[in-house]
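# Notes for the structure review
Read off the chains here:
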Amino acid sequence: MALRLAPGQAQFVSSVEESLAEAADEPGGRAIYWAVYDEEMPVGFVMISDEVDGPGYIPHYLWKLLIDERHQRRGLGTATLDLIVDYFRGRPGVEVLSTSAGEGDGGPIPFYERYGFEPLETPAVENLETLMGKYGEEGNQLIFPILKRGDQFTSSLEQVKQ
């Protein structure tokens, strides 16, 4: 499919060929993909994950959305998202549609936010002192400290010496 990205968009979305290669490299994501047409003309590409194989993959996920640069700003991305949302609404037990997007000038985040997507505000990394004891003993068992390079080796060596 000869779809083109607008200048500066390559940092945010991969080509159709790259997306298909990624789907082949990640079979556990169980990619489902479609061409997007405006009447008879191919104008885009969309790829999702619905049911997935294992915890390394996100179910009910908008994996890729690409509208050709010559057809952007005509409502085709929104219309495509409408169809994807309708698809997932028809699936029993699906309550959330997720996606990911790169940040930066010309990026897709404003488009997704206008559609109704909300950014996750969950920190990926937090100071250990802030978290310890905050969620009780059970919560403490779910906290995994990040060690400085070599700390684990040094700690293991000290245990062996004792």
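Read on for an overview of the structure.

Rules used in this analysis
- Residues numbered from 1 in each chain as written.
- Predicted model: local features only at pLDDT ≥ 70, side-chain atom pairs only at ≥ 80, totals over all residues.
- Heavy atoms only, no water.
- Buried < 20%, exposed > 50% of the residue type's maximum accessible area, 1.4 Å probe, protein only.
- Helix = DSSP H or I, 4+ residues; strand = E, 2+ residues; numbered from the N terminus.
- Pairing = 2+ DSSP bridges.

Bringing the pairing of strand β2 (residues 41-49) into the picture now. Among the 9 residues that make up β2, 7 are buried, leaving the element largely enclosed by the rest of the structure. Sheet analysis places strand β1 (residues 31-38) next to β2, joined by 8 bridges and oriented antiparallel. Bridging across to β2, isoleucine 32 finds its partner in isoleucine 48. In this antiparallel pair of consecutive strands, β1 and β2, the connection spans 2 residues, and glutamate 39 shows a positive phi of 60 degrees. Alignment of β2 against strand β3 (residues 61-67), held across 6 bridges, turns out to be antiparallel. Its bridge partner being in β3, glycine 44 is matched across the sheet by isoleucine 67.

Pairing within the open sheet is mixed, and its 4 strands lie in the order β1-β2-β3-β4. Two strands close off the open sheet at either side, each with one partner strand: β1 and β4 (98-99). Bridge count for β3 against β4 is 2 bridges, and the pairing is parallel. From the neighbouring strand, leucine 62 faces β4, where its bridge partner is threonine 99.

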